[in-house]
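Examining the three-dimensional arrangement
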Amino acid sequence: MENISAVFKEKKLKLTPQRIAVYKYLCSTNEHPSAETIYKALQPDYPTMSLATVYKALKTLTEVNLIQELNVGEGSFRYDATINAHPHIQCLTCGKVDDICGMPLDDIMIKANEYTDYEILGSKIYMFGICKDCK
Ligand SMILES: [Zn+2]
Ligand SMILES: [Zn+2]
């Protein structure tokens, strides 16, 4: 949590209770929730917070690089408080998004170098399949 205060201070942004709540919630889960999911989860504690406020908080947190936005092709984004590059996998049946932990991304970048003359700066890996519970 010191992280968010330091970052917001540096960027001269107001650290509102709503922004803290959204960030805290994202740090507490590894389920990569959508804005709607976050909104519903925070409703009991923040009954006056609107979905628009959640969207705005997510946008700001993404801009200052405290969270990352994941486009899993659903028409709405998912959010992740783990900002280092890591591959994601989504279940085609229940829609949940998980991290693929411990997979070295360097190998893929080195491999990709053989097929392009671009200087590769990063990657977003997104896979899909059927999760253990749905199988
Ligand atoms: Zn599933
Ligand atoms: Zn993730």
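Reading guide: rules and limits
Residues numbered from 1 in each chain as written. Chains lettered and ligands numbered in written order. Predicted model: local features only at pLDDT ≥ 70, side-chain atom pairs only at ≥ 80, totals over all residues. UniProt positions renumbered as here; feature names shortened; annotations may be inferred. Helix = DSSP H or I, 4+ residues; strand = E, 2+ residues; numbered from the N terminus. Buried ≥ 20, exposed ≤ 12 C-beta atoms within 10 Å, placed from the backbone. Contact = placed C-beta atoms within 7 Å. Pairing = 2+ DSSP bridges. Axes fitted to C-alpha atoms, helices over the stretch in contact; angles between N-to-C directions. Domains from an automatic or database assignment. Nonpolar A, V, L, I, M, F, W, Y, C, P; charged D, E, K, R; others polar. Parallel < 35°, antiparallel > 145°, perpendicular 65-115°, else oblique.

**Thoughts on the UniProt feature "binding site: Zn(2+)" (unreviewed entry) in the protein**
- According to UniProt, the positions carrying the feature "binding site: Zn(2+)" (unreviewed entry) are C91, C94, C131 and C134. Annotated residues spanning 44 residues; largest pairwise C-alpha distance 8.2 Å, indicating a single compact cluster.
- Inspection of the secondary structure assignment puts C94 in the loop between strand 3 (88-91) and strand 4 (97-99).
- A count of 10 C-beta atoms within 10 Å places C94 in the exposed class.
- Excluding its chain neighbours within four sequence positions, the residues that come into contact with C94 are C131 and C134.

**Here's the deal with the sheet that holds strand 5 (residues 126-129)**
- Ordered in space as 4-3-5, the three strands form an open sheet in which the pairing is mixed. Each edge of the sheet is formed by a strand with only one pairing partner; in this case those strands are strand 4 and strand 5. Between one strand and the next, the sheet's axes are offset by a mean angle of 30°, whatever the strand orientation.
- Alignment of strand 3 against strand 4, held across three bridges, turns out to be antiparallel.

**Re unusual backbone geometry**
- Even without being a glycine, K12 presents a positive backbone phi close to 55°.
- Among the secondary structure elements, K12 is positioned in the loop between helix 1 (2-10) and helix 2 (17-28).
- Even without glycine at this site, N65 takes up a positive phi of about 70°.
- On the secondary structure map, N65 appears in the loop between helix 4 (51-63) and strand 1 (68-70).
- The exposure class assigned to N65 is exposed, which follows from the 10 C-beta atoms found within 10 Å.

**Re the domain arrangement of the protein**
- Looking at the protein, the domain boundaries give domain 1 (2-80) and domain 2 (88-129).
- Domain 1 and domain 2 are separated by 24 Å when their C-alpha centres are compared.
- With six residues of domain 1 at the interface, the matching set in domain 2 holds six residues.
- Class assignment of the residues belonging to the side of domain 1 that touches domain 2 gives a composition of two nonpolar, two polar and two charged.

**Examining the packing of helix 2 against helix 4**
- Look at helix 2 against helix 4: their axes get within 9 Å of each other, and the N-to-C directions meet at 75°. With respect to each other, helix 2 and helix 4 are oriented roughly perpendicular. Where helix 2 abuts helix 4, its residues Q18, R19, V22 and Y23 lie against T53, V54, A57, L58, T60 and L61.
- Looking at side-chain class alone, the contact of helix 2 with helix 4 contains six nonpolar, three polar and one charged residues.

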